Amino acid sequence: MKNRFDNQHKSSGTAIVTGAAKGIGFSIAQQLVEDGFFAIIADMDQTAGQKAAASIHPERACYLPCDVSSEDSVKQLFAAVAEKYSPVKVLVNNAGIIRDRVIWKMETADFDRVIQVNLRGTWLMCREAARIMKEAGYGRIVNIASRAWLGNPGQTNYSASKAGVVGLTRALALELAHFGVTVNAVAPGLIDTPLTQKLPEEVRQKLLNAQPTKSMGEPEDIARLVAFLASEKNHFITGQVLHVDGGKSIGATGF
Ligand code: NAD
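Since this is a predicted model, take the numbers as computed values, not measurements.

1. Things to note about the overall build of the protein chain
Here is step 1: Assigned secondary structure in the protein chain consists of eight helices and seven strands.
Here is step 2: Compactness check: the protein chain gives a C-alpha radius of gyration of 18 Å against a globular reference of 18 Å for 255 residues, within 12% of the reference.
Here is step 3: Projected onto the principal axes, the alpha-carbon positions of the protein chain cover approximately 50 × 45 × 35 Å.
Here is step 4: Across the 255 residues of the protein chain, 47% fall into the buried class.
Here is step 5: Considering only contacts in the protein chain between residues 6 or more positions apart, those separated by 24 or more positions represent 71%.
Here is step 6: Counting every atom, the protein chain has about 12600 Å² of accessible surface; 55% of that belongs to carbon and sulfur.

Written as structure tokens, this is what we have:
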């Protein structure tokens, strides 16, 4: 049976996608492979990561273990990629977690962990990639932020981490622009993934009701934009935050 990757014979280069074992990251890795990249699925979840790589494409995707919040783990990932694959052309920082609670009930550990994974992890990955891409004179970095960077109750830790990702994206875009490297952030709204499937039904309904579209997005909605920003078609969009959220970032609907 012919599969949808059969027309692609030449690899466009290596793309690392963090947190790609499931959800939005999985769709991004799948889209990048479809666009001709070799995708490295860098995730903490080995079982899901290996399964994801095999289901995307056994020869055009592979799983490598990585905890993005650990400097050693990030360095080991880049060393393994340098040893076995062509230089990284695309980095998508997608790994992210939530630990929601109103601030007066939130443990310090829940603040620290969210910042460590979402912000420190993105920064550690960007630093390694920047060193490689600067030398190569080419690169595409896409950081997955969230509409919540604008502020969400119950998410003081998460909103701060994603606002940090936006600041990091803008500063790094300036540092790397003259090396042929673009750095952008994509800010998803409510997307149907294992992360949001864990929310209690009444919370999901409330969130859906607050959506101008009254609908959730699909991981593919994010993947298509990320793939464009990660491609050679884009060279002039850099340092931007693009919301993919069914209009939620515009403001309250009143309907
Ligand atoms: P998910 O929970 O479905 O998947 C996240 C993946 O990241 C998992 O495979 C997990 O194993 C991996 N991961 C977690 N911690 C990690 C670490 N320290 N190192 C490496 N991998 C790690 O999440 P999702 O809904 O697909 O979200 C993906 C990204 O999109 C996150 O950054 C999230 O904040 C962002 N986002 C999601 C939504 C949404 O509605 N789903 C909305 C806005 C932003």
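2. Quick look at the side chain of R140
Here is step 1: By the secondary structure assignment, R140 is in strand β5 (residues 139-144).
Here is step 2: It is E232 that comes nearest to the buried, bridge-free R140 among opposite-charge side chains, at 7.1 Å.
Here is step 3: One polar contact links the side chain of R140 to the main-chain carbonyl oxygen of G180, over a distance of 3.3 Å.
Here is step 4: A polar contact is formed between the side chain of R140 and the backbone oxygen of N234, at a distance of 2.8 Å.

3. Considering the environment of S73
Here is step 1: Along the polypeptide, S73 turns up in helix α3 (residues 71-84).
Here is step 2: Along the primary structure S73 and A39 are separated by 34 residues, whereas in three dimensions their C-alpha atoms are 18 Å apart.
Here is step 3: When neighbours within four sequence positions are excluded, S73 is seen to be in contact with C66 and D67.
Here is step 4: A polar contact of 2.8 Å, which involves the side chain of S73, links it to the backbone nitrogen of D67.

Calculation notes
Residues numbered from 1 in each chain as written. Predicted model: local features only at pLDDT ≥ 70, side-chain atom pairs only at ≥ 80, totals over all residues. Heavy atoms only, no water. Helix = DSSP H or I, 4+ residues; strand = E, 2+ residues; numbered from the N terminus. Rg over C-alpha atoms; globule rule 2.2 N^0.38 Å. Buried < 20%, exposed > 50% of the residue type's maximum accessible area, 1.4 Å probe, protein only. Contact = heavy atoms within 4.5 Å. Areas by Shrake-Rupley, 256 points an atom, 1.4 Å probe, with all protein chains shown as cover. Lys, Arg positive; Asp, Glu negative; His and termini not counted. Salt bridge = Lys/Arg side-chain N within 4 Å of Asp/Glu carboxyl O. Polar contact = N/O pair within 3.5 Å; in protein donor to acceptor, adjacent residues only side chain to side chain.

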